[in-house]
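# Commentary on secondary and tertiary structure
Listed here are the chains, written in short residue letters.
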Amino acid sequence: MAIDETTRIRLGIIQKKYGDRLARSANGSNPPDRRQVFIDEFRRILADIFVPTFEAIGRELSSSGHAYRIEHDVGEKTPSIEFHLLLRGVPKANNLIRLFYNAEAAGDGEVIAEVNVYQTLTELTRFRVLARVTREVAEQMCVDAIEHVFACNAR
């Protein structure tokens, strides 16, 4: 018995659509988990963009008598960074800028950036497309957050 031409076309489409995935599964070479790829890219961006940006801005603030501290993956099982601002004349204040991977986000995930002043969190932004995170974006976000920290502490 011969199959209908429409059936033959559909079978061809199905094989073309799923054949490569089946072959990879059979060879044991599954594609990497998309969330893990996102996390790995975030780790790279932390090292290549945010750490140098925070250090440069921290050095600039230090030249005015302030201090800073950068901590990686603080109390987290996922990538994160904290940029602590130790302002001259503001003892024991909790002023920090933090970025962390939000594991509960839909899709590949997202990175949340927030500023913490006197235990009050303010969300700065969320990144879902990490390719858009450049040094300029990181720098502007950081300067905006620092302005918020200074304004709240100068009351």
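In this text, all values refer to a predicted model and were calculated from it rather than measured experimentally.

### Structural notes on the overall build of the chain
Secondary structure summary: the chain contains three helices and five strands in total. Scaling as 2.2 N^0.38, a compact globule of 155 residues should have a C-alpha radius of gyration of about 15 Å, whereas the chain reaches 23 Å, well beyond that. In terms of overall dimensions, the chain has a C-alpha envelope of 90 × 25 × 25 Å along the principal axes. Scored against the burial criterion, the 155 residues of the chain give a buried share of 35%. By sequence separation, contacts in the chain at least 24 residues apart represent 46% of the contacts at least 6 residues apart. As displayed, the chain has an accessible area near 10000 Å², and 52% of this comes from carbon and sulfur atoms. Of the charged side chains in the chain, 21 are positive and 22 negative, and the gap between their average positions amounts to 4 Å.

### Some details on unusual backbone geometry
Peptide bonds are, in most cases, trans, and in most cases residues other than glycine have a negative phi. Although it is not a glycine, tyrosine 118 sits at a positive phi angle of roughly 50°. A residue is classified by how much of its surface remains accessible, and tyrosine 118, at 45% relative accessible area, is partly exposed. In this structure, glutamine 119 takes a positive phi of about 65° despite not being glycine. You can see glutamine 119 is positioned in the loop between strand E4 (110-117) and strand E5 (120-127). On the accessibility criterion, glutamine 119 (60% relative accessible area) is exposed.

### A word on the packing of aromatic side chains
Inspection of every chain in the model, using the stated rule, returns four aromatic pairs. On the numbers, 5.8 Å between centres and 50° between planes, the contact of phenylalanine 38 with tyrosine 101 is tilted. Taken together, the residues phenylalanine 38 in helix H2 (residues 34-62) and tyrosine 101 in strand E3 (residues 95-102) connect sequence positions 63 residues apart. With a relative accessible area of 8%, phenylalanine 38 lands in the buried category. For tyrosine 101, a relative accessible area of 4% translates into the label buried.

Criteria and cut-off values
Here the residue numbering is sequential within each chain, running from 1 through the sequence in written order. Restriction of local features to residues with pLDDT of at least 70 applies here, the model being predicted, together with a cutoff of 80 or more for giving and counting side-chain atom pairs; totals for whole chains, interfaces and linings are based on all residues. Side-chain measures were taken over the full set of non-hydrogen atoms in the model, leaving aside hydrogen atoms and water. Every helix listed is a DSSP run of H or I at least four residues long, and every strand listed is a run of E at least two residues long, numbered separately from the N terminus. With the radius of gyration taken over C-alpha atoms, the globule rule is written as 2.2 Å times the number of residues to the power 0.38. Burial status follows relative accessibility: with a 1.4 Å probe on protein chains alone, a residue under 20% of its type maximum counts as buried, one over 50% as exposed, and anything between as partly exposed. The contact rule is simple, with two residues in contact once any of their heavy atoms fall within 4.5 Å. Computed with a 1.4 Å probe, the accessible areas rest on the Shrake-Rupley method; for each residue, only the protein chains presented here act as cover. Only four residue types enter the tally: Lys and Arg on the positive side, Asp and Glu on the negative side; His and the chain ends are excluded. Where a charge lies is defined by one atom per residue type: Lys uses NZ, Arg uses CZ, Asp uses CG and Glu uses CD. Aromatic rings from Phe, Tyr and Trp, taking only the six-membered ring of Trp, are treated as a pair when their centres fall within 6.5 Å; an angle between ring planes under 30 degrees marks them as stacked, one over 60 as edge-to-face, and anything in between as tilted.

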